[in-house]
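Observations on the three-dimensional arrangement
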Amino acid sequence: MDFARKTKWTLALVIFFLSLLKPLSANVNGINDSTIEEIRVHVGLIIDTQSWVGKIVYSCISMAITDFYDQNSHYRTKLVLHTRDSEGDPLLLLSHALVLLESVKLDAIIVAENSAGLKILAELGSRVKIPVISLFAAAPSLPFSEYPYLLQIGENDSTRAKIISTLVESFTWRSVILISEDNDSARQILSNVIASFEATGVRIALHITLLASSTNEEIIEQLKKLMNLQTSVYVVHMSPVLASRLFLNAKRIGMISQGYAWITTDVITNFMNSMDPSVIESMQGVVGFKPHIPASKEVRKFAIRWKSKNLNEQNLQEMEINVYSIWSYDMAQALATAAESIITRHPDIVRQETRLNMNFTTIRTSQNGLMFIDEISQSRFKGISGGFQLTSGRLIPKEFKIVNLFEGERTIGYWNPENGTTSIMKEKNDTKMNSTSSNKLESVIWPGGIMNIPKGWNLHGKRLRIGVLVNHGFSELINVIRDPQTKETTVNGFCVDVFKEAIKSLDYDVHYEFIPFVDANGQLAGTYDDLILQVYYKNYDAVVGDTTIFSFRFSHVDFTMPYTDLGIGIVVPKSNKSSMWIFLQPLTGSMWITTTAFFVFTGFVVWLIESPINDEFQGSRCQQIGMIFWYSFSTLVFAYKEKLLSNLSKFVVIIWVFAVLVITSSYTATLASMLTVQRIQSSSREDYVGSQSLVPHAIRNLKNENPRRMQYRSPEEYDDALRRGSKNGGVSAIIDEIPYLKVFLAKYPADYTMIKSKATSGGFGFVFPKGSPLVQDISGAILRLREEEKLQMMENKWFNNTDSVFTNQDSASNPSRLNLHSFGGLFLVTGLSSTSALLIRLYQKRRTMTISNFKFFLNSTIGYVKTLLHSSKLFSDT
């Protein structure tokens, strides 16, 4: 009974509650019926899912979409991702894009990293009128005006190249080796780096590429090739995965050690914190750069949330957030905001399905793509990265951070396009930071834990093979002696001494050995050009000797700065013949006439001033005329004995005596030179000239038209030829480079002199391979030797200081004669002083005459008045 009653009551309660739920269910159905339909915005995401960038982009975009709609659940739009794996293949990327456009009503396409197919994809976006968003592609920046549906996020290779160039220039390196991955994305950087280096003079010694599939053995093989090169500065631009293996193997063979320098681009530096500890250990001392996002509360919160969300993701649990994470997140939020804004501002928009025939397929086009682009381009909001704003369809970092990896990541400076390298201590309002000097950077701890900047090159203990050409004639320059018993070779001479002193002054050791350029019989194996080509062919590491610097040789090798005098000269015998009228030759005709005129004029001025007051300048007319000439010409030998009374005449004589002293001194020096040197006309076709066969290029540039040349190889042959002269089978002059002539004149200083020289050759320099870092250091050492006068001391040792026998005259322009132009200023001063004194004297004389006349008139008037007064008195008395 009780059981039946309980059953009835239970059934009644169930019916009661069901009756209550029915109207509630009706209300719910009513609400659902009135809910606005959700609008889905389809976005294609095409990435390389195996790359670090692809993994992090996918995770952050997914996280951004989830966060956005959790915070804005009332929005009518909803982004829907359609993810495809490009596997890093640009053709597969384009294939996925076409398939998605054909099968899905896409409103936007997002691609990451892949730059090879970006231009085609941008064209496709313009055709179908949907935004194409490129994340972190290394392709050149495509102009927004030509591709209005393309939005680009991240830096390009042009910016990377500028930063690399700035860093290399900051540390004064002249040569680098570029290591990149063998793919289209990494290959783009080479041309940009070359263009950026052109302005700084830095050279890319080598560019090697590695495949992503390269084995450790293949990587080590490439690295060992680099170890044999002198350049030890490496710029690495590749994927983080391949870079990890590169540095592990470089560490294994000892290339992450003292003397080496490594620079990584942002592609690697962005992921440094995500790399395995063993990789980080192998990268100690590396310098890198990456986009700088200032630390903020939003960045820290995002990092914590992203880390916790991906804690169980095997591919992401070891990674740390970076600029790729933050920009991907902000870009996805901008895309979602733009989609909602379009619906809000244009509620009546209806998606119309239009099809575009692409020959091989038909794809749907979007009718609201242009509005989508405009909304994204005009987006202004504070994202995790700070202020999010596109400029001309592109979002690029405003500043880069330069870091040094050593026991953690150390910030050593910043770089931006406006100011270049800036210090980490920069002030907010400081705009005067434009510099590329390394003093703007904090101290770098380089591989091996050293603080000193690596030289940028390393000989690796190599013993340099120095080629020397045996010059039997001029042993003072280079002399090779081979002991027939011990077979040992001794090399000495001026050129060798300079090289040894230059090497000794370097702050590092250079080991070398001299190897004569001879054949099996001990004879010369070729010419200087042949020896230089051996350096180009890497059979020798350098050439030391009397090697002339010519422009055409720079196509194969580099030269140090010259350590001898430049140019070539002409040597002739000293003359014992002279003309009986040679004393007239030091002055030109105009100079003789002008000088004589000034002698007479000065004597006349002195006479005019002194004659009224000085008895010595008085007498008959003939005596006074003789005094004019005597006094002026006696100043030539300072033999005048007449005492001057007027200050004006004394002033005139002082100026004139100084002028006479200058003229006579110059005349004496010129006459002495003419009595010593017999001038010849080297262009005369009647005389022979001698030269070395080793210097045809220099002689050709002297503009010497004489075809009658004879070749000699030693100072003794020069002497014999000059003594015989052109009429007896010899020569009248020797044309050769200055160092050879110094050797010759040192042996025969009393008999010959050099009368002409011209800098038509570059002097002697040491030869090194193109791009050798030793060129700069040896050139600096030569300059120091010159400044410390050690170079002059070595010349005195080998050449016996032949400077005193060099006259350096030019027979073409005849500068040895003194002309009027050279003394124009002197005559001007003398003439003005004499004329001024003359005018002052005439003024004084006129004034004296006027006063005398006035006194006579006054006396006459007074006398006349007195006469009148006397006459008047007599009249009154009468």
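Residues numbered from 1 in each chain as written. Predicted model: local features only at pLDDT ≥ 70, side-chain atom pairs only at ≥ 80, totals over all residues. Heavy atoms only, no water.

**Looking at the overall build of the chain**
Which entries qualify depends on this criterion: Secondary structure follows DSSP: runs of H or I at least 4 residues long count as helices, runs of E at least 2 residues long count as strands, and numbering of each begins at the N terminus. Relative accessibility decides the category of a residue: with a 1.4 Å probe and only protein chains considered, values under 20% of the type maximum give buried, values over 50% give exposed, and everything between is partly exposed. Contacts: residue pairs with any heavy atoms within 4.5 Å of one another. Accessible surface area values rest on a Shrake-Rupley calculation with a 1.4 Å probe, where residue burial reflects the displayed protein chains alone.
The secondary structure content of the chain amounts to 25 helices and 30 strands. Put simply, the chain has 878 residues, and 48% of those count as buried. Partitioning the contacts of the chain with sequence separation of at least 6, the portion at a separation of at least 24 is 73%. Per element, the accessible surface of the chain, about 44900 Å² overall, is 55% carbon and sulfur.

**Some points on the nonpolar core**
Put simply, the rule is: Residue types Ala, Val, Leu, Ile, Met, Phe, Trp, Tyr and Cys, when buried and joined through side-chain atoms within 4.5 Å, form a set referred to as a nonpolar core.
Of all hydrophobic cores here, the largest spans 80 residues; its most connected members are Val57, Leu135, Ile179 and Trp262. Excluding anything up to four places from it in sequence, Trp262 contacts Ile179, Leu223, Tyr234, Val236, Leu246, Phe247, Ala250, Met255, Ile256, Val286, Val287 and Pro447. Within the second largest apolar cluster, 67 residues are counted, among which are Val468, Val480, Val491 and Tyr748.

**Let's talk about the packing of helix 3 (residues 90-103) against helix 4 (residues 118-128)**
Basically, it comes down to this: Angular values range over 0 to 180 degrees, each being the angle between N-to-C directions of two axes fitted as lines to C-alpha atoms, with helices fitted over their stretch in contact. The scheme is simple: roughly parallel for angles under 35 degrees, roughly antiparallel for over 145, roughly perpendicular for 65 to 115, oblique for anything else. The sense of a crossing depends on the near helix, which, turned anticlockwise from the far helix by less than a right angle, makes the crossing left-handed and, turned clockwise, makes it right-handed.
Running from N to C, helix 3 and helix 4 cross one another at 15°; their axes reach a closest spacing of 11 Å. Taken as axis vectors, helix 3 and helix 4 run roughly parallel relative to one another. Considering the relative orientation of helix 3 and helix 4, their crossing is right-handed. Note on element contacts: helix 4 touches helix 3 through Ile120, Leu121, Leu124 and Val128, opposite Leu93, Leu94, Ala97, Leu98 and Leu101.

**With respect to the packing of helix 5 (residues 157-170) against helix 7 (residues 189-198)**
Note the cut-off: Ten residue types, Ala, Val, Leu, Ile, Met, Phe, Trp, Tyr, Cys and Pro, are classed as nonpolar, four, Asp, Glu, Lys and Arg, as charged, and the remainder, Gly among them, as polar.
Here helix 5 crosses helix 7 at 45°, and the two axes come no closer than 8 Å. Taken together, the axes of helix 5 and helix 7 are oblique relative to one another. In this structure, helix 5 meets helix 7 at a crossing whose hand is right-handed. For the pair helix 5 and helix 7, contact is made by Asp157, Ser158, Arg160, Ala161, Lys162, Ile164, Ser165 and Val168 and by Ile189, Asn192, Val193, Ser196 and Phe197, respectively. The residue makeup of the contact of helix 5 with helix 7, split by class, is six nonpolar, four polar and three charged.

**Brief notes about the pattern of salt bridges**
Where charged atoms from two side chains of opposite charge approach closely, those side chains can pair. Counted only if it meets this: We define a salt bridge as a contact between a side-chain nitrogen of Lys or Arg and a carboxyl oxygen of Asp or Glu at a distance within 4 Å.
Counted according to the given criterion, the structure contains 16 salt bridges. For Arg305, the salt bridge is made with Asp67, and the minimal N-O distance between the two is 2.8 Å. Of this pair, Arg305 sits in helix 12 (residues 297-309) while Asp67 sits in helix 2 (residues 52-71); the two residues are 238 residues apart in sequence, bridging distant segments of the chain. For Asp67, a relative accessible area of 13% corresponds to the buried category. The residue Lys790 makes a salt bridge to Glu788 at a minimum N-O spacing of 3.5 Å. Its relative accessible area of 45% is what places Glu788 among the partly exposed residues. Connected through salt bridges with shared partners, the residues Glu476, Glu716 and Lys747 form a single ionic network.

**Let's talk about the sheet that holds strand 6 (residues 175-181)**
Filter applied, for reference: Note: two strands are recorded as paired if DSSP finds a minimum of 2 bridges between them.
Read from one edge of the open sheet, eight strands run 7-6-8-9-10-16-17-18, paired in mixed fashion. Only two strands of the sheet have a single neighbouring strand rather than two, namely strand 7 (203-210) and strand 18 (420-422). If you compare each strand with its neighbour and ignore which way they point, the axes differ by 25° on average. Relative to strand 7, strand 6 runs parallel, the two being bridged by seven bridges. Note that in strand 7 the partner of Ser180 across the bridge is Thr209. Contacts from helix 7 reach strand 6, strand 7 and strand 8 (233-237) within the one sheet, and its direction differs from that of strand 7 by about 170°.

**So, the confidence of the model for the chain**
Short version of the rule: As a per-residue quantity, pLDDT reports the predictor's confidence and falls between 0 and 100.
The share of residues in the chain with pLDDT of 70 or more is 78%, and the mean pLDDT across the chain is 78. Confidence, read as mean pLDDT per element, is least for helix 1 (residues 2-34) in the chain (40) and greatest for strand 9 (residues 261-264) (96). Predicted confidence for residues 1-35 stays below pLDDT 50, and this span has zero contacts to residues more than four positions away or in other chains. Contacts of residues 427-437 to residues separated by more than four positions or lying in other chains number 18 contacts, the stretch itself having pLDDT below 50.

**Section: the pairing of strand 21 (residues 489-492)**
Each regular strand displays side chains that alternate between the two surfaces of the sheet. Examined bridge by bridge, strand 20 (residues 479-482) and strand 21 share four bridges and lie antiparallel to one another. In the sheet register, Asn479 faces strand 21, and the bridge partner there is Asn492. Here strand 20 folds back onto strand 21 in antiparallel fashion, the turn holding six residues, of which Lys487 has a positive phi close to 65°.

**Some details on the packing of aromatic side chains**
Spelled out, the test is: Note on ring pairs: Phe, Tyr and Trp rings are taken, using the six-membered ring of Trp, and paired if centres are within 6.5 Å. Classes follow the plane angle, with under 30 degrees stacked, over 60 edge-to-face and the rest tilted.
Using the criterion set out here, one finds 36 aromatic pairs in the structure. With centroids separated by 5.6 Å and ring planes inclined at 65°, the aromatic side chains of Trp52 and Phe271 adopt a geometry described as edge-to-face. One end of the pair, Trp52, is in helix 2; the other, Phe271, is in the loop between helix 10 (266-269) and helix 11 (277-282), with 219 residues separating them in the sequence. A single burial state applies to Trp52 and to Phe271, both of which are buried. Both rings, one in Phe598 and one in Phe827, keep their centres 5.0 Å apart while their planes meet at 35°; by these two values the pair is tilted. Of this pair, Phe598 sits in helix 17 (residues 589-610) while Phe827 is found in helix 25 (residues 824-877), placing the two residues 229 residues apart along the sequence. Considered together, Phe598 and Phe827 belong to a single accessibility category, that of buried residues.

**A closer look at the sheet that holds strand 4 (residues 132-135)**
The six strands lie next to each other as 2-1-3-4-5-15, forming an open sheet whose pairing is parallel. Of all strands in the sheet, those bounded by a partner on one side alone are strand 2 (77-85) and strand 15 (394-395). Where strand 5 (residues 150-153) lies against strand 15, two bridges are found, and the strand directions are parallel. By the bridge assignment for strand 15, Gln152 is matched with Arg394.

**Some remarks on helix 9 (residues 240-252)**
Note the following rule: Between the first and last residue of a helix there are one fewer steps than residues, each counted as 1.5 Å, and that sum is the expected span.
With 13 residues, helix 9 should reach 18 Å at 1.5 Å per residue; the first-to-last C-alpha distance of 18 Å fits that figure. Three or more residues of helix 9 are buried, namely Pro240, Leu242, Ala243, Ser244, Leu246, Phe247, Asn249 and Ala250. Within two residues after helix 9, Gly254 carries a phi angle of roughly 90°, on the positive side.

**Some details on the pairing of strand 8**
Burial of strand 8 is extensive: five of the five residues sit out of reach of the surface. Residues Val233, Val235 and His237 of strand 8 are buried on one face, and the alternating residues Tyr234 and Val236, pointing to the opposite face, are buried as well. As paired strands, strand 6 and strand 8 are joined by four bridges and run parallel to one another. The residue of strand 8 that forms the bridge with Ile179 is Val236.

**A look at unusual backbone geometry**
What you tend to see is this: most non-glycine residues have negative phi, and most peptide bonds are trans. Phi at Lys538 is positive, roughly 70°, even though this residue is not glycine. Take Lys538: it is sitting in the loop between helix 16 (528-536) and strand 23 (542-543). Non-glycine residue Glu789 carries a positive phi angle of around 65°. Assignment of secondary structure puts Glu789 in the loop between helix 23 (774-787) and helix 24 (790-799).

**Things to note about helix 4**
This is how it is decided: The arc in question is formed by the directions pointing from the helix axis toward the C-beta atoms.
Three or more residues of helix 4 are buried, namely Leu118, Leu121, Ala122, Leu124, Gly125 and Val128. Taken around the axis of helix 4, the buried residues stretch over an arc of 160°, which confines them to a single face. Of the residues in helix 4, the exposed ones pointing more than 90 degrees away from the buried face are Ile120 and Arg127. The positive-phi residue at the C-terminal boundary of helix 4 is Lys129, with phi of around 60°.

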